[in-house]
Amino acid sequence: MKVDELIEKAFEAREASYSPYSKYKVGAALLTKGGKIYKGCNIENASYTPTNCAERTAFFKAVSEGEREFEAIAIVGGYDGSPEDYAYPCGVCRQVMMEFCDPKSFHVITAVSRDKYIDKTLEEMLPYGFGPSSL
Ligand code: THU
């Protein structure tokens, strides 16, 4: 996996962010085990609660195209301009990752630039997670 390329795709995805309310723009790039990349952005709503995070947009695009096996996700987020801080996935997005990814090997990468990033496993991001193997 080329982490810098995945981060670049997350920056591309962020360009499409629809975030007129928070103005906080998030982009995500989800890498499948087959090597495909699905991009997602946050999509807000005047009624607020229907808002969808960038990570879930990427997952739902991929899963709805039949993808089920994932290797990594790169996330970039922040207000206008270049992100200054790392954008970590919210709890709901971590739970969606838990549904489709192996917590010990799936990489969650949050970046501020192509070469400045944090790379954690899903298990580190969501310890003691509840997933399909719990049932
Ligand atoms: N957001 C994401 O896209 N991903 C996250 O994991 C955290 C939050 C979005 C939702 C909303 O549009 C904006 O960031 C502010 O919460």
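Everything below is about the structure printed above this text.
Residues numbered from 1 in each chain as written. Predicted model: local features only at pLDDT ≥ 70, side-chain atom pairs only at ≥ 80, totals over all residues. Heavy atoms only, no water.

Here's the deal with the environment of M1
Structurally, M1 is set in the segment before α1 (3-14). Along the backbone, M1 and S22 are 21 residues apart, and their C-alpha atoms lie at a distance of 32 Å. (Helix = DSSP H or I, 4+ residues; strand = E, 2+ residues; numbered from the N terminus.)

Brief notes about a nonpolar patch on the surface
A surface patch of nonpolar side chains, about 440 Å² in accessible area, is lined by Y18, Y21, I43 and Y48. The residue Y48 is located in the loop between β2 (37-41) and α2 (54-64) in this model. Overall, Y48 belongs to the exposed group, its relative accessible area being 56%. (Patch = residues over 30% accessible without salt bridge, like charges linked within 9 Å, V, L, I, M, F, W, Y side chains within 5 Å. Areas by Shrake-Rupley, 256 points an atom, 1.4 Å probe, with all protein chains shown as cover. Salt bridge = Lys/Arg side-chain N within 4 Å of Asp/Glu carboxyl O. Buried < 20%, exposed > 50% of the residue type's maximum accessible area, 1.4 Å probe, protein only.)

Overview of the sheet that holds strand β5 (residues 116-121)
The strand order β2-β1-β3-β4-β5 describes an open sheet built from five strands, whose pairing is mixed. Across the chains shown, the open sheet's two edge strands, defined by having one partner strand only, are β2 and β5. Recorded for the sheet is a direction-independent mean angle of 20 degrees between the axes of neighbouring strands. Running over the sheet, α2 touches β1 (25-32), β2 and β3 (70-78) and is turned about 140 degrees from β2. (Pairing = 2+ DSSP bridges. Axes fitted to C-alpha atoms, helices over the stretch in contact; angles between N-to-C directions. Contact = heavy atoms within 4.5 Å.)

Section: the packing of α2 against helix α3 (residues 91-100)
Look at α2 against α3: their axes get within 9 Å of each other, and the N-to-C directions meet at 25 degrees. Comparing the axis directions of α2 and α3 gives the class roughly parallel. The element α2 and its partner α3 pack so that their crossing is left-handed. On the side of α2, the interface is formed by E55, R56, F59, F60 and V63, while α3 contributes V92, C93, V96, M97 and F100. For the contact of α2 with α3, the class distribution of residues is eight nonpolar, no polar and two charged. (Parallel < 35°, antiparallel > 145°, perpendicular 65-115°, else oblique. Left-handed = near helix turned anticlockwise from the far one by under 90°. Nonpolar A, V, L, I, M, F, W, Y, C, P; charged D, E, K, R; others polar.)

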